[in-house]
Amino acid sequence: GYVFDSLQASSMLVYKLNSDGSADTTFNGTGYIDSKITGALFWSVNEDADGKILASGLNHDLPVTFLKMALIRYNNDGSLDSSFNGNGKLFYDATALGYTGSAGTKTTFDSAGNILLSGAFFTGAISALSSGPPPLQLAVWRFKPNGTPSNFGNKTSNVDGSGNIIRTGYYT
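Note that the structure is a prediction, hence the values are computed from the model and not measured.

**Student:** Would you mind showing me how to read unusual backbone geometry here?
**Tutor:** Most peptide bonds take the trans form, and the phi angle of most residues other than glycine is negative. Non-glycine residue Asn-28 carries a positive phi angle of around 65°. Its place among the elements puts Asn-28 in the loop between β2 (10–15) and β3 (32–34).

Here's what the structure looks like:
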């Protein structure tokens, strides 16, 4: 989730609940954590085989001039997992590829424990966000469990039960 302050800046929130719906206080002592990353939104939260929590979304500035895919991993106790990209946080700037931004919307894992993150590359003007989303191109990233890239291209989006990567197209 996310929270907005009076300046309309957002920050990523992650809640961990027990099966009865109560807050799991072993997670950050409160059952939730505020990432304190200004201009960030989470759209997907998933738990890996080790019980680590992976949250994905985007990070932006104000006024919005960039959108970067954001992937954050927490230990089971709510602390950032420093074994993931050195600090528990990974941001992807797609401008070097000619896109105006990127966002992660869904995480899953392959049989080797690699992280698969689907999302979108933005191909239109980010400054026009107030009138709706810019044109999008489907994207998928693959990362090793430690957060290092494991590239297989930018137009794939899923892995089937046999570990095969399924290719997708794009839309505008």
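Now that the structure has been shown, we can carry on.
**Student:** Would you explain the pattern of salt bridges in this entry?
**Tutor:** A pair can form between side chains of opposite charge whenever their charged atoms are brought close. Under the counting rule described, the total for this entry stands at four salt bridges. Asp-24 is the salt-bridge partner of Lys-16, the closest N and O atoms lying 3.9 Å from each other. Taking relative accessible area as the criterion, Asp-24 reaches 11% and is therefore assigned buried. Of the charged contacts, one joins Asp-81 and Lys-52 as a salt bridge, the two residues approaching to 3.1 Å between their closest N and O atoms. With a gap of 29 residues between them, Asp-81 in the loop between β6 (67–74) and β7 (89–92) and Lys-52 in the loop between β4 (40–47) and β5 (53–60) connect regions that are remote in the sequence. Taken together, the shared-partner salt bridges in this structure form one network comprising Asp-48, Lys-52, Arg-73 and Asp-81.

**Student:** Help me out: how do you make sense of a nonpolar patch on the surface in this one?
**Tutor:** Taken together, Tyr-15, Leu-17 and Tyr-32 make up a surface patch of nonpolar side chains, about 350 Å² in accessible area. Topologically, Tyr-15 is positioned in strand β2. On the basis of relative accessibility, which here comes to 53%, the residue Tyr-15 falls in the exposed class.

**Student:** Please explain the pairing of strand β10 (residues 136–143) as it appears in this structure.
**Tutor:** For a regular strand, side-chain orientation follows a simple rule: the groups alternate between the two sheet faces. Along β10, seven of the eight residues are buried, which leaves the element largely enclosed by surrounding structure. By the bridge criterion, eight bridges tie strand β9 (residues 115–122) to β10 in an arrangement that is antiparallel. Paired with Ala-120 across the two strands is Leu-138, which belongs to β10.

**Student:** How should the environment of Trp-141 be read in this particular structure?
**Tutor:** Residue placement: Trp-141 occurs in strand β10. Measuring from C-alpha to C-alpha, the distance between Trp-141 and Gly-104 comes to 8.7 Å, with 37 residues separating the pair along the chain.

**Student:** Looking at this structure, I do not really get the confidence of the model for the protein chain. What am I missing?
**Tutor:** Predicted coordinates in areas of low pLDDT are best not read in detail. Mean pLDDT over the protein chain works out to 77, with 71% of the residues at or above the 70 mark. pLDDT under 50 marks residues 167–172. Its contacts with residues more than four places away, or in other chains, come to 14 contacts.

**Student:** Which parts of the structure should I look at to understand the side chain of Asp-81?
**Tutor:** Relative accessible area serves as the criterion here: at 3%, Asp-81 is assigned to the buried category. For Asp-81, the side chain forms a polar contact with the side chain of Ser-83, separated by 2.7 Å. In this view, Asp-81 contacts Lys-52, Arg-73, Tyr-74, Asn-75, Asn-87 and Gly-88; residues no more than four positions away in its chain are not counted.

Here is what the cut-offs are and how they apply
Residues numbered from 1 in each chain as written. Predicted model: local features only at pLDDT ≥ 70, side-chain atom pairs only at ≥ 80, totals over all residues. Heavy atoms only, no water. Helix = DSSP H or I, 4+ residues; strand = E, 2+ residues; numbered from the N terminus. Salt bridge = Lys/Arg side-chain N within 4 Å of Asp/Glu carboxyl O. Buried < 20%, exposed > 50% of the residue type's maximum accessible area, 1.4 Å probe, protein only. Patch = residues over 30% accessible without salt bridge, like charges linked within 9 Å, V, L, I, M, F, W, Y side chains within 5 Å. Areas by Shrake-Rupley, 256 points an atom, 1.4 Å probe, with all protein chains shown as cover. Pairing = 2+ DSSP bridges. pLDDT = per-residue confidence, 0-100. Contact = heavy atoms within 4.5 Å. Polar contact = N/O pair within 3.5 Å; in protein donor to acceptor, adjacent residues only side chain to side chain.

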